[in-house]
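# Results of the structural survey
Listed below, chain by chain, are the residues.
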Amino acid sequence: MYPPYVKVVEVGPRDGLQNEQSIVPLHTKITLIEQLAAAGCQYIESGSFVSPKWVPQMADSGLVFKHITRHPGVHYSALTPNAEGFRAAISSSVDEIAVFASASESFSQKNINCSIQQSLVRFQPVLDMARAHHLPVRGYVSCVLGCPYEGNISPSKVTTVSKSLLDMGCYEISLGDTIGVGTPNKTAQLLNKISEEIDLKHVAVHFHDTYGQALANVLIALQHGVTVVDSAISGLGGCPYAQGASGNLATEDLVYMLNGMAIKTGIDLHKLTQAGLNIMQALNKPTQSKVALAFKSHI
Ligand code: HMG
Ligand code: MG
C-alpha cells in the first residue's frame, strides 16, 4: 500500500529563505545547503534565478551555487521563470531547474505578473533550452487546493495546467498547496481527478502547514501512489505573494513519519534535525518542526 522509498525534495534554502524578512547572509545559506547534503538530502532546491526586484532574498543565488561544496549524487536545483533566469542557472551549473505556474489567474498575476496562459508561453523557450542542455525541468503548480485571492480552485483547472507543463517537457509536476488550506478529503479529490489524465508517478506534493494538515495530506498522497514529497527544513517558508501562508511542511516531521512507516528516504534524521536547529539559531527564530522541538528537549 505504501511505497518502499520516498523522494524528499528539500526546498528550505529556496522556498524557505525567500520568505525571510531580512536578507540571510551568503555563508548561512551555504552552510545550510552543505549540512542538508551531509544529512543525506539528495534533492536540494538551492536558489532562484528570478528578478531581484521581486524577490531580493534570492539575489545571491549565483554566489550560492558558486561556493557550495557539492556532494556527489546530490541534485542542486533552482527556479528559472524565463530565459534570463535560465542563462544564469546554466552559468551556475545547476543540476535541474524548475518553472512555476499557478492554477489561479489572480495568483499568477501577483506572483509572476502575467496570466496562466502567458506564463506557459514564457516557459516554452526555457523548456526548449533545457532540452538542448539535457537539463531536467520540474513544473510547479501553485494554489492547487485554494487561492488567497480566489478561494476554491477546481481540480480540473489544476489538471489542465499540470498537463500543459508535462506536455511542454517537465518530467515532474509539484502540486503546491501554497496557502496550506487543503484537507485530506480535498487532497484525495484532487489526486483522483488528476490521475484520470496524468500518471501519478510524475506528480509530487508540496504542502504548507498553515492549518496543521500537511502530514495528513501527505499520507493521503502516499495512499494514492505519490512517491515524491517536498518539504522545508524546520518548516521554513510562507509565500511572499500569499498573505497568511505559513511555512512548508517541516522536513524533520516528514522524515520522522516516513521512518516510522519503514519508508526509506536516505536521510539521517539526527543530522537533519541538527541542521535545522543550526539554521534557526542563525535566523534567531524558533523552529516550526515538532520533531526538532522534541529532539531539543532531549539534549
Ligand atoms: P516582470 O517585471 O513582469 O518582467 O517580471 P520583466 O521581464 O519586464 O523584467 C523586469 C526586470 O526584472 C528587468 O530589469 C529584468 O531584467 C529583470 P530592469 O530592466 O527593470 O532593470 N529580470 C530578471 N532579473 C534577474 N533574473 C531574472 C529576471 N527576469 C527579469 N530571471 C518575472 C517577471 C517573472 C521575472 C518576475 O515577476 C519574477 O521574478 N517573479 C518571481 C516571483 C517568485 O520568485 N515568487 C516566488 C516563487 S513561487 C513560489 O514560491 C511557489 C512555490 O514554492 C510553490 C508553492 O509553495 O506552492 C513554487
Ligand atoms: Mg512552498
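Up top you'll find the structure we're talking about.
Residues numbered from 1 in each chain as written. Chains lettered and ligands numbered in written order. Predicted model: local features only at pLDDT ≥ 70, side-chain atom pairs only at ≥ 80, totals over all residues. Heavy atoms only, no water.

Okay, the site of ligand 1 next. Near ligand 1 there are 26 residues, and of these R14, K53, N111, N113 and T178 occur at the shortest range. Here a nitrogen atom of ligand 1 and a backbone polar atom of F49 are 2.9 Å apart. Isolated, ligand 1 exposes 1100 Å² of accessible area, and the fraction of that covered by the protein chains is 74%. Here ligand 1 is seated within the largest pocket. Among the secondary structure elements, those contributing two or more residues to the shell around ligand 1 are helix 1 (12–16), helix 4 (83–91), helix 5 (105–112) and strand 5 (137–142). Looking at the shell around ligand 1, its residues break down into 11 nonpolar, 11 polar and 4 charged. (Near = heavy atom within 4 Å. Polar contact = N/O pair within 3.5 Å; in protein donor to acceptor, adjacent residues only side chain to side chain. Areas by Shrake-Rupley, 256 points an atom, 1.4 Å probe, with all protein chains shown as cover. 1 Å grid on protein atoms, 1.4 Å probe; cavity = no way out; pocket = protein on both sides within 12 Å on 5 of 7 lines; lining within 4 Å. Sits in = over half its atoms within 2 Å of the grid points. Helix = DSSP H or I, 4+ residues; strand = E, 2+ residues; numbered from the N terminus. Nonpolar A, V, L, I, M, F, W, Y, C, P; charged D, E, K, R; others polar.)

The N-to-C vectors of helix 7 (residues 155–168) and helix 8 (residues 184–195) enclose an angle of 45°; their axes lie 9 Å apart at closest approach. With respect to their mutual orientation, helix 7 and helix 8 come out oblique. Note that helix 7 runs across helix 8; the crossing there is right-handed. Seen from helix 7, the contacting residues are P155, S156, V158, T159 and S162; seen from helix 8, they are L190, K193 and I194. Along the lines of polarity and charge, the residues of the contact of helix 7 with helix 8 split into 4 nonpolar, 3 polar and 1 charged. (Axes fitted to C-alpha atoms, helices over the stretch in contact; angles between N-to-C directions. Parallel < 35°, antiparallel > 145°, perpendicular 65-115°, else oblique. Left-handed = near helix turned anticlockwise from the far one by under 90°. Contact = heavy atoms within 4.5 Å.)

Along helix 4, the residues classified as buried are G85, F86 and A89. Along the axis of helix 4, the buried positions cluster into a sector of 100°, meaning they face one direction only. Across helix 4 from its buried face, at more than 90 degrees, point the exposed residues E84, R87 and S91. Where helix 4 is buried, its residues meet strand 4 (96–102) and helix 6 (116–132). (Buried < 20%, exposed > 50% of the residue type's maximum accessible area, 1.4 Å probe, protein only. Arc of directions from axis to C-beta.)

Next up on the list: the sheet that holds strand 5. Spatially, the 8 strands close up into a barrel ordered 1-2-3-4-5-6-7-8, and their pairing is parallel. Going from strand to strand, the sheet's axes swing by 25° on average, the running direction of each strand aside. Bridge count between strand 3 (residues 75–79) and strand 4: 3 bridges; the pairing is parallel. Among the inter-strand pairings, A78 is bridged to a residue of strand 4, identified as I97. Relative to strand 4, helix 6 is tilted by about 170°, and along the sheet it contacts strand 4 and strand 5. (Pairing = 2+ DSSP bridges.)

Moving on, we come to the coordination of the magnesium ion (ligand 2). Every protein donor of the magnesium ion (ligand 2) is listed here as D15 (OD), H206 (NE2), H208 (NE2) and N248 (OD1), and their distances to the metal cover 1.8 to 2.5 Å. Between the donor residues of the magnesium ion (ligand 2), the gaps in sequence give the motif D-x190-H-x1-H-x39-N. By the burial criterion, H206 is buried, and H208 matches it. (Donors = N, O, S within 2.8 Å, 3.2 Å for Na, K, Ca; no water.)

Counting across every chain of the model gives 1 aromatic pair. Between the NZ or CZ atom of K7 and the centre of the ring of Y43, over which it lies, the distance is 4.2 Å. A cation sits over an aromatic face here: R14 above Y140, 5.6 Å from the ring centre. (Phe/Tyr/Trp six-rings, centres within 6.5 Å; stacked < 30°, edge-to-face > 60°. Lys NZ or Arg CZ within 6 Å of the ring centre and 35° of its normal.)

Moving on, we come to the side chain of D253. Here D253 shows up in helix 10 (residues 251–260). No salt bridge is formed by the buried D253; its nearest oppositely charged neighbour, K290, is found at 6.3 Å. Polar contacts involving the side chain of D253 include one to the main-chain amide nitrogen of K290, which spans 3.2 Å. A polar atom in the side chain of D253 sits 3.0 Å from the backbone nitrogen of V291. Excluding anything up to four places from it in sequence, D253 contacts L215, Q288, S289, K290 and V291. (Lys, Arg positive; Asp, Glu negative; His and termini not counted. Salt bridge = Lys/Arg side-chain N within 4 Å of Asp/Glu carboxyl O.)

This part is about the nonpolar core. Core analysis: the biggest nonpolar cluster contains 93 residues, and I97, F123, V158, L165, L175 and L272 have the highest contact counts within it. By residue number, the principal contributor to this core is helix 6, which donates 6 residues. In this view, V158 contacts A103, V141, V144, I153, L175, L190 and I194; residues no more than four positions away in its chain are not counted. (Core = buried A, V, L, I, M, F, W, Y, C linked by side-chain atoms within 4.5 Å.)

Turning to the pattern of salt bridges, a few remarks are in order. A complete count under the given rule lists 11 salt bridges for this structure. Residue D128 is joined to R131 by a salt bridge in which the shortest nitrogen-to-oxygen separation is 3.5 Å. Note that D128 and R131 are positioned in helix 6 at a spacing of 3 residues, about one turn of the helix. Among the residues examined, D128 registers a relative accessible area of 37% and is labelled partly exposed.

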